[in-house]
Each structure stands twice: as structure tokens, then as C-alpha cells.
Amino acid sequence: MTWTFTHDTGTFPAAAGASLTARPVEHTVALTVTERLGRAGAHHCGEGDPVLGWWRGADGGVAGTPVRTPPRPALLNAVPAEAVGPPAEALGAGPDLEAVNADRDTPALPAARLPGYRTEREKRLYRLGALRPPSPTPEGRARAAAHADRAVLVEWMHGSTDATGRSRSSAPRLVDEGTARGALTLGESGRAPVALAGRSRMLAGTVRVTLVCTPPEHRGRGYAAAVTAEASRAAVAAGAAEVVLFADIANPTSNGVYRRIGGEPVADRLLLRRAA
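All figures in this text were calculated on a predicted structure; none of them were measured in a lab. (Residues numbered from 1 in each chain as written. Predicted model: local features only at pLDDT ≥ 70, side-chain atom pairs only at ≥ 80, totals over all residues. Heavy atoms only, no water.)

## A word on the overall build of the chain
Working step 1: Along the chain, the regular secondary structure elements total 8 helices and 13 strands.
Working step 2: The proportion of buried residues among the 276 residues of the chain is 48%.
Working step 3: Restricting the contact set of the chain to residue pairs at least 6 apart, pairs at least 24 apart contribute 69%.
Working step 4: Carbon and sulfur atoms form 52% of the exposed surface of the chain, whose accessible area is close to 12,900 Å². (Helix = DSSP H or I, 4+ residues; strand = E, 2+ residues; numbered from the N terminus. Buried < 20%, exposed > 50% of the residue type's maximum accessible area, 1.4 Å probe, protein only. Contact = heavy atoms within 4.5 Å. Areas by Shrake-Rupley, 256 points an atom, 1.4 Å probe, with all protein chains shown as cover.)

Take a look at the structure:
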């Protein structure tokens with residue numbers, strides 16, 4: 001039973017990719033992060049070198065895959081309890097490891113081995129069952145976002161950074177990438193934009209709905225449900241076998257939206273941050 005760690009974005013998927021694609025719903029974030037690193041470069045997510053690891057159990061199979069792209073939280077995926085020590089050391093379990101993102105059911109939750117961390121946020125992962133359009137359907141339409149929408153969408157994302165944990169600096173890149181792929185769905189009422197939902201690249205037949213955003217003045221009218229349903233429909237139409245998304249457990253509105261359009265709970269993830 002051994003750990004292997006690398007900074008090489010090509011070595012990791014070759015060694016551990018099959019373990020992620022075997023459970024693409026639960027491993028959706030690790031799949032999208034490592035795919036992006038391989039496509040756009042090792043420092044696409046930050047200036048620091050990524051730390052990518054995998055644990056092989058007694059049967060030789062990969063049983064855990066920690067991923068860290070500084071300065072973002074380290075991502076723990078199904079790391080077994082007996083393997084927790086080495087990844088904590090390799091990921092930098094010192095002052096620079098500010099936060100860890102782990103499945104609630106992961107036996108190796110770092111709070112047990114890394115004193116001084118507290119739960120900052122809890123998110124629930126949903127997968128789409130049978131898509132149900134929102135009822136009643138709000139007025140308006142949905143369309144693919146265009147370059148002309150860039151300024152307003154960047155402004156919306158800047159306004160949502162505190163709630164989502166995204167950095168303000170990532171907003172222009174996310175808007176530009178999503179628009180170029182035709183993966184941003186913009187809800188409109190009349191001619192005014194009222195809501196946004198994006199889609200990740202399809203990996204292992206799975207697409208994650210992301211960047212869901214409704215400005216405060218347009219909330220409570222069903223726009224978020226409508227645009228999320230449309231983004232989900234587009235993913236299925238493009239061939240996705242699974243459509244997934246995350247909701248902050250502390251936000252009953254977003255959880256209610258996702259359940260109403262057919263979302264089924266899969267797992268919870270915790271963001272653990274070092275206490276000041």
C-alpha cells in the first residue's frame with residue numbers, strides 16, 4: 001500500500017484517471033480540475049505547482065486521489081483512513097495549507113489529524129433524475145450568452161464571490177471561456193438579463209451545472225430554476241449521461257430549486273479552513 005505524488009499533469013490521469021471516471025458523479029470536481037490542468041497548463045489554476053496524488057491499496061487499485069492547486073483548497077477524494085498521514089504531509093500540512101475540501105464520508109477527514117481546522121462551508125452534490133421544468137414557468141426566455149453580455153456577467157460574478165468562494169480575478173476568464181464554448185445560459189425577461197447558469201465540459205459522460213447566479217433584484221421569481229433547468233436540458237441534449245451540481249447546504253432556496261427540477265442528493269462535501 002503506497003502513495004505516489006507528482007506535479008506532472010500528464011502522469012496523474014494516466015495513473016489515476018480510471019479511478020475518477022469509474023465514479024464521475026462523485027469525482028466531478030477532480031475530473032474537471034485535472035482536465036483543465038492538462039489542457040491549459042499546470043499553472044492555469046494558480047501560480048503554485050499542482051500536487052496530484054494517488055493511493056494504491058493492498059489489491060493494487062487506486063483508492064484515493066488528493067489534488068491541490070495552490071492557492072485553492074486541497075481536494076480529497078475517497079482517501080482511506082489508513083492513508084491520511086502521507087497526503088497531509090505531501091499536500092503541505094503546514095501554514096500554507098489554509099483549507100481542505102473533502103467528502104463528509106471520507107474516513108480521512110483532515111480535522112481528525114490536522115488540529116485547528118473548522119468547517120467553513122457545507123455543500124450538497126445533486127444529480128439530475130427526471131428533469132422537471134419549473135412550475136409555474138416564469139416569463140421570458142433563455143439563450144446562449146454572447147460576448148456583448150460580458151460586462152454584466154463579470155459584474156454578476158464579482159457580486160457572488162463571497163457566497164461561492166470563487167476569487168474575483170477568475171470572473172473574466174470564466175465568462176470568456178464559457179461564452180466561447182456556448183456553455184453559458186442567460187435568462188432574460190423582456191430584453192433584460194435576469195439569471196445565469198453555466199455548464200462544465202463533459203467528462204466521462206458527466207456535466208456539472210456551474211456559475212448559477214441571479215442578481216438580488218431578480219430573485220424570488222423562478223428565474224434561477226428556469227435557467228438551471230435549461231442548462232441541464234442542454235447538457236442532456238449534448239449527450240450527458242449525468243448532470244450534477246452543488247448547492248450550499250445553508251441556502252434552502254437553492255436546494256429547493258434543484259430538488260424541484262429533479263435534483264437528487266448524492267453526497268455532502270465540507271470546506272475545512274484553518275482557524276485564525
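Still more to cover.
## Remarks on the pairing of strand β2 (residues 51–56)
Working step 1: By the criterion of burial, β2 is predominantly enclosed, with 5 of the 6 residues buried.
Working step 2: Relative to β2, strand β1 (residues 2–6) is paired through 5 bridges, and the arrangement is antiparallel. Across the sheet, the residue bridging to Thr6 is Leu52, located in β2.
Working step 3: Note that β2 and strand β4 (residues 67–68) share 2 bridges and pair antiparallel. Bridged to Leu52 within β4 is Val67. (Pairing = 2+ DSSP bridges.)

## As for the pairing of strand β13 (residues 263–274)
Working step 1: Relative to β13, strand β6 (residues 99–103) runs antiparallel, the two being bridged by 5 bridges. Bridge assignment links Ala99 to a residue of β13, and that residue is Arg273.
Working step 2: Examined bridge by bridge, strand β7 (residues 117–128) and β13 share 11 bridges and lie antiparallel to one another. By the bridge assignment for β13, Thr119 is matched with Leu272.

## Notes on the pattern of salt bridges
Working step 1: On inspection of all chains with the given rule, the structure shows 16 salt bridges.
Working step 2: The residue Arg141 makes a salt bridge to Glu188 at a minimum N-O spacing of 2.9 Å. One end of the pair, Arg141, is in strand β8 (residues 141–144); the other, Glu188, is in strand β9 (residues 184–189), with 47 residues separating them in the sequence.
Working step 3: Given a relative accessible area of 7%, Glu188 falls into the buried group. (Salt bridge = Lys/Arg side-chain N within 4 Å of Asp/Glu carboxyl O.)

## Some points on the packing of aromatic side chains
Working step 1: This structure, assessed with the given rule, holds 4 aromatic pairs.
Working step 2: Each ring, one from Trp3 and one from Phe5, has its centre 5.3 Å from the other, and the planes form 20 degrees; the classification is stacked.
Working step 3: In this structure Trp3 comes out as buried when scored by relative accessible area, which is 14%.
Working step 4: Here Phe5 falls in the partly exposed class, since its relative accessible area comes to 29%.
Working step 5: One aromatic cluster in this structure is built from Trp3, Phe5 and Trp55. (Phe/Tyr/Trp six-rings, centres within 6.5 Å; stacked < 30°, edge-to-face > 60°.)

## Brief notes about helix α7 (residues 223–237)
One full turn of an α-helix is made of 3.6 residues, so residues set three or four places apart face in the same direction.
Working step 1: Over its 15 residues, α7 runs 21 Å from end to end, which matches the ideal 21 Å to within 8%, given 1.5 Å per residue.
Working step 2: Count one or two residues on from α7 and you reach Gly239, which has phi positive near 110 degrees. (Expected span 1.5 Å × (residues − 1).)

## Re the environment of Pro172
Working step 1: Counting through the fold element by element, Pro172 comes out in helix α6 (residues 171–181).
Working step 2: In this structure, the C-alpha to C-alpha distance between Pro172 and Met157, residues 15 residues apart in sequence, is 8.7 Å.
Working step 3: Excluding anything up to four places from it in sequence, Pro172 contacts Arg150, Val154 and His158.

## A short note on the side chain of Thr32
Working step 1: Structurally, Thr32 can be placed in helix α2 (residues 28–40).
Working step 2: A residue is classified by how much of its surface remains accessible, and Thr32, at 7% relative accessible area, is buried.
Working step 3: Sequence-distant contacts of Thr32, defined by excluding residues within four places in its chain, comprise Ser200, Leu203 and Arg208.

## A closer look at the nonpolar core
Working step 1: Core analysis: the biggest nonpolar cluster contains 20 residues, and Val243 and Tyr258 have the highest contact counts within it.
Working step 2: Counting residues per element, the ones that place at least two in this core are β7, β10 (192–199), β11 (206–213), α7, β12 (242–248) and α8 (252–260).
Working step 3: For this core, the element with the highest residue contribution is α7, accounting for 6 residues. (Core = buried A, V, L, I, M, F, W, Y, C linked by side-chain atoms within 4.5 Å.)

## A look at the packing of helix α1 (residues 11–21) against α2
Working step 1: The N-to-C vectors of α1 and α2 enclose an angle of 155 degrees; their axes lie 10 Å apart at closest approach. It follows from the interaxial angle that α1 and α2 lie roughly antiparallel. Considering only the axes of α1 and α2, their crossing is left-handed. For the pair formed by α1 and α2, the contact residues are Phe12, Leu20 and Thr21 on the first element and Ala30, Leu31 and Thr34 on the second.
Working step 2: Grouping the constituent residues of the contact of α1 with α2 by class yields 4 nonpolar, 2 polar and no charged. (Axes fitted to C-alpha atoms, helices over the stretch in contact; angles between N-to-C directions. Parallel < 35°, antiparallel > 145°, perpendicular 65-115°, else oblique. Left-handed = near helix turned anticlockwise from the far one by under 90°. Nonpolar A, V, L, I, M, F, W, Y, C, P; charged D, E, K, R; others polar.)

## Digging into the environment of Arg121
Working step 1: Note that Arg121 resides in strand β7.
Working step 2: The exposure class of Arg121 is buried, given its relative accessible area of 15%.
Working step 3: Along the chain, Arg121 and Ala250 lie 129 residues apart, while their C-alpha atoms are 8.1 Å from each other.

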